[in-house]
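Listed here are the chains, written in short residue letters.
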Amino acid sequence: MTLAEKLGQLTMAAAGHAVTGPVIAGDSVEAIKAGIIGNLLNLMGADHVHAMQRLAVEQSRLHIPVLFALDVTHGYRTLFPVSLAEASLFDPEAWALTAREAAKEACADGIAMTFAPMIDVSRDPRWGRSVEGPGEDPWVGARMAEAKVRGTQGAELASADSLAAVAKHYCAYGPVTAGREYASVDISERTLREVHLPPFEAAVRAGAASIMPAFTDLAGIPMTAHAALLDGWLRARLGFEGVLVSDYNAIGELIRHGIAADAAEAAALALKAGVDIDMMASCYRNGLPVALNRGLVTLADIDRSVRRVLALKERLGLFDDPYRRGSAPETDAAIARRRQLARDVAARSIVMLTNRADALPLEGSARTLALVGPLADASAEMRGPWWAAAGPEGQVTALEGLRAALPRSEIRYAPGVAIEAQDTAGIPAAVELCDNADAVVLCLGEAAAMSGEAASRAHLGLPGQQRLLAEAVLERARARSKPAIAVLFSGRPLIVPWLIERADAVLAAWFLGSEAGNAIAEVITGRVSPSGRTAMSWPQAVGQIPLFYGERPSGRPANPVDHYTSKYLDAPNEPQFPFGHGLTYGRFVLSDLTVTPETLQEGGALEARVAVSNEGRKAAEETVFLFVHDKLARVARPVLELKGVAKVRLQPGERGSVRFELPASELRFLGMDLQPVFEPGEVEILVGPCADRKQLLSTTIRLSA
Ligand code: BGC
């Protein structure tokens, strides 16, 4: 290979669509034929992908196939709920299944790699990218990472329906300063290892083909050039042998980070740190020849990365058959089954935050329903901030879903206001709809583009004039003694204490994808009992952020009658809703926690059992969390740490149980030297419906050497 051909394999350029067909940015068609672009992102459609592939395979000197990549984050054409919504399931099998289906659908269109899963832990809902990930907990992040890698890559990467997974964004992207996108990150080595690395370690162990470094810097070292964390942690320590692909133009941005003077230096820093593919900066193509001349890199450095990229293409089966993906259209039955899965998962992603006086489900009693709000009939918004090949039309809206589910009811609809605009002229008409309605459903929230990349917010309330609309509607519904249900659409927990206080029931519907409206209708009508649990704590005030259940104890814990304690003067410490919160149509009572053995040794395992009974009047699924708290350790441990989740479905009046098994090794923690230790002492085992200590059953066991 010539140097230019080698650098081509280390280059990823963007492609798009013109009216007449696919175009590739700039000089890329010729560049592909010349073998100096080896990877493309954002080209969709099997015909287009194959046409482009033919240029490489038939017209380039070395006939090396192109790797086609795309952000298939929560579905390709059929959209599943956004990741933060799906996290509410706490169900790795479901996470793997949706990833499998997304991969099949994308592969049928010729794609071979997805920039997913996004597994950045986020404890800051101001950060818009919270929507793309697993929420606040590292244990959940790790389980989601494994499940998504497994589902995306399938049993064999070379299969025509397997995608290479790119775990991103490595790492500690979530704690950007003040929740502001792309801002600097500065956290302790301990937090890095305890909170932000575990999901990536899990992704590597699950066999992720690729990893993408984050745009951000960590204490002054941009992740794109972080040799200690890329080459050191990932490759040397975890044995990661896959491809590191930069984020979009991130190598070029090393110049603005202030650690590289020009493209050659930027390229050299990234390559030396272990980054194999330069996405969209052209620094490798243009800068590495200069860096070679200056002696900043060697040919051996370049060859190492080229080998990794070629090895990935080989693993994907591209050399055997570059047209394998995208050669067989899917059957209608496969597409219909996927759509059904999207509906089931969407319904299970909904978190019922409140339900006063059993306002929900509405069942058959609501013959006339007033459906109000700018998100009631907003197909495009239901997609969330990534949508791959899903067009703006075609997502089932709440209006469509409710009309289909309640064919005998009259459903009157008025948006009232737009999502963000200031115009309030539509409010009176929307309020009037409530007059003759048996129930009111308010569909409120963010536009999809208000979360995701470059979508940080400093105010986490409802945008535009939605509060004015909601207050007017709630007042009228109360005056008429009619139940008012709020459905919140958002890519993050919203801060709406006034709404929580005044609505009869509130559902967090996040962005649920293609089947959003059907899923919402199923929950509202009671065909599905909600079972989602929030994977992020919901704040009551922006000043509480970052807010997460797993904090370390203070030496002066909050005490309302003691001034010098850890609290706010003007807001409670407690979240509006704790991590794991979510109501069902059942009423579950947990009792009889037993944990054995009472004394546990390092090689052993503990078993925890708890009885669960459904004392409500409807069948439902309960989610039970297992937390631990190491009461006395040389390094203070979090007040609660999640170690397991179990689910049980019970009929009204039925009694069952859940069981957890936990290897003692899971009770190790990073000691003073940041190495894992198993320290003798007492550990509290806590089991219950969410991370609110008051709702947990607990017992204490001893660890012994
Ligand atoms: C995002 C990545 C994404 C990439 C390619 C970047 O701006 O940060 O998450 O995979 O673009 O679309």
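The structure displayed is predicted, hence computed values, not measured ones.

Novice: I'd like to hear about the sheet that holds strand β18 (residues 588-596), residue by residue, with values.
Specialist: In spatial order, the strands read β18-β20-β23; together these 3 strands make up an open sheet with antiparallel pairing. Edge strands, defined here as strands with exactly one partner in the open sheet, are β18 and β23 (655-663). Going across the sheet, the axis of each strand differs from the next one's by a mean of 20°, ignoring polarity. The pairing of strand β20 (residues 605-614) with β23 spans 9 bridges and is classified as antiparallel. When the sheet's bridge partners are listed, E607 is paired in β23 with E661.

Novice: Tell me about the packing of aromatic side chains, and please be specific about residues and values.
Specialist: The description of an aromatic ring pair rests on the distance of the ring centres and on the angle between the ring planes. With the rule as written, the count across this model stands at 11 aromatic pairs. Measuring from centroid to centroid gives 5.2 Å for Y170 and F200, while their planes differ by 80°, and the two rings are edge-to-face. With Y170 in strand β6 (residues 164-170) and F200 in helix α8 (residues 198-205), this residue pair connects regions lying 30 residues apart in the sequence. Given the relative accessible area of 0%, Y170 is considered buried. In this structure an aromatic cluster arises from ring pairing among F90, Y549, F579, F625 and F627. Geometry around F548 places R123 over its ring, the cationic atom sitting 4.1 Å from the centre.

Novice: Any chance you could break down the site of the ligand for me, citing the residues and the numbers?
Specialist: The environment of the ligand is made up of 13 residues, and the closest members are D71, R129, H169, D247 and E453. A distance of 2.7 Å is found between an oxygen atom of the ligand and a side-chain nitrogen or oxygen belonging to H169. Separating an oxygen atom of the ligand from a side-chain N or O atom of E453 is a distance of 2.8 Å. Here the ligand has 310 Å² of accessible area as a free molecule, and 93% of this is covered by the chains. Residues belonging to the shell around the ligand are distributed by class as follows: 7 nonpolar, 1 polar and 5 charged.

Novice: Give a detailed account of the environment of V82, specifying residues and quantitative values.
Specialist: Mapped onto the secondary structure, V82 falls in the loop between β4 (67-70) and α4 (83-87). The exposure class of V82 is buried, given its relative accessible area of 2%. When neighbours within four sequence positions are excluded, V82 is seen to be in contact with H74, V131, R383, G384, P385, W510 and F511.

Novice: Just give me the short version of helix α3 (residues 46-59), but keep the residues and values in it.
Specialist: Because the α-helix completes a turn every 3.6 residues, residues three or four places apart line up on one side. Spanning 14 residues, α3 covers 19 Å between terminal C-alpha atoms, matching the ideal 20 Å at 1.5 Å per step. Inspection of α3 places A46, V49, H50, M52, Q53, L55, A56 and V57 among the buried residues, and these make up the whole buried set.

Novice: Which residues make up the packing of helix α5 (residues 92-107) against helix α14 (residues 332-349), and what values go with them?
Specialist: Running from N to C, α5 and α14 point in directions that differ by 145°, and their axes come no closer than 11 Å. In this structure, the crossing between α5 and α14 has a hand that is left-handed. Residues A94, L97, T98, E101, K104 and E105 of α5 form the contact with α14, whose participating residues are R338, L341, V345 and R348. Looking at side-chain class alone, the contact of α5 with α14 contains 4 nonpolar, 1 polar and 5 charged residues.

Novice: Just give me the short version of unusual backbone geometry, but keep the residues and values in it.
Specialist: Here the bond from K168 into H169 is cis, since omega is -10°, no more than 30 degrees from zero. Counting through the fold element by element, H169 comes out in strand β6. Phi is positive for D592, close to 55°, though the residue is something other than glycine. Locating D592 in the fold gives a position in strand β18. For L674, which is not glycine, the phi dihedral falls at a positive 65°. Residue classification places L674 among the buried residues on the basis of a relative accessible area of 15%.

Novice: Give a description of the domain arrangement of the protein chain that names residues and reports values.
Specialist: Under the domain assignment used here, the protein chain contains domain 1 (71-315), domain 2 (352-544) and domain 3 (588-704). Domain 2 and domain 3 are separated by 35 Å when their C-alpha centres are compared. Listed by partner, the interface residues are 6 residues for domain 2 and 10 residues for domain 3. It is S529, S531 and R533 that lose the most area in domain 2 upon contact with domain 3, and together they represent 74% of the buried surface on that side. At the boundary of domain 2 and domain 3, one finds 2 salt bridges.

Novice: Residues and numbers for the pairing of strand β17 (residues 505-508), please.
Specialist: Here β17 shows a buried face lined by A505 and L507 and a second buried face lined by V506 and A508. Pairing of strand β12 (residues 351-355) with β17 involves 4 bridges; the strand directions are antiparallel. Looking across to β17, one finds that T354 is bridged to V506. Relative to β17, strand β16 (residues 484-489) is paired through 4 bridges, and the arrangement is parallel. Across the sheet, V487 pairs through a bridge with L507, a residue of β17. Viewed along the sheet, the connection from β16 through helix α18 (residues 497-502) into β17 turns out right-handed.

Novice: How would you explain the side chain of K643 if you had to name every residue and give the values?
Specialist: With respect to the helices, strands and loops of the structure, K643 is situated in strand β22 (residues 641-650). A polar contact is formed between the side chain of K643 and the backbone oxygen of E666, at a distance of 2.9 Å. Leave out the neighbours within four places in its chain, and K643 touches W139, L626, V628, L662 and E666.

Novice: With reference to specific residues and values, describe the packing of α14 against helix α19 (residues 516-524).
Specialist: For the pair α14 and α19, interaxial distance at closest approach is 8 Å and the crossing angle is 50°. The angle between the axes of α14 and α19 places the two elements in the oblique class. The element α14 and its partner α19 pack so that their crossing is right-handed. Each of R343, A346 and A347 in α14 lies in contact with α19, whose residues at this interface are N518, A519, E522 and V523. Across the contact of α14 with α19, the residue classes break down as 4 nonpolar, 1 polar and 2 charged.

Analysis parameters
Residues numbered from 1 in each chain as written. Predicted model: local features only at pLDDT ≥ 70, side-chain atom pairs only at ≥ 80, totals over all residues. Heavy atoms only, no water. Pairing = 2+ DSSP bridges. Helix = DSSP H or I, 4+ residues; strand = E, 2+ residues; numbered from the N terminus. Axes fitted to C-alpha atoms, helices over the stretch in contact; angles between N-to-C directions. Phe/Tyr/Trp six-rings, centres within 6.5 Å; stacked < 30°, edge-to-face > 60°. Buried < 20%, exposed > 50% of the residue type's maximum accessible area, 1.4 Å probe, protein only. Lys NZ or Arg CZ within 6 Å of the ring centre and 35° of its normal. Near = heavy atom within 4 Å. Polar contact = N/O pair within 3.5 Å; in protein donor to acceptor, adjacent residues only side chain to side chain. Areas by Shrake-Rupley, 256 points an atom, 1.4 Å probe, with all protein chains shown as cover. Nonpolar A, V, L, I, M, F, W, Y, C, P; charged D, E, K, R; others polar. Contact = heavy atoms within 4.5 Å. Expected span 1.5 Å × (residues − 1). Left-handed = near helix turned anticlockwise from the far one by under 90°. Domains from an automatic or database assignment. Buried area = accessible area lost by both parts, 1.4 Å probe. Salt bridge = Lys/Arg side-chain N within 4 Å of Asp/Glu carboxyl O. Right-handed = clockwise from strand over helix to strand, strands pointing away. Parallel < 35°, antiparallel > 145°, perpendicular 65-115°, else oblique.

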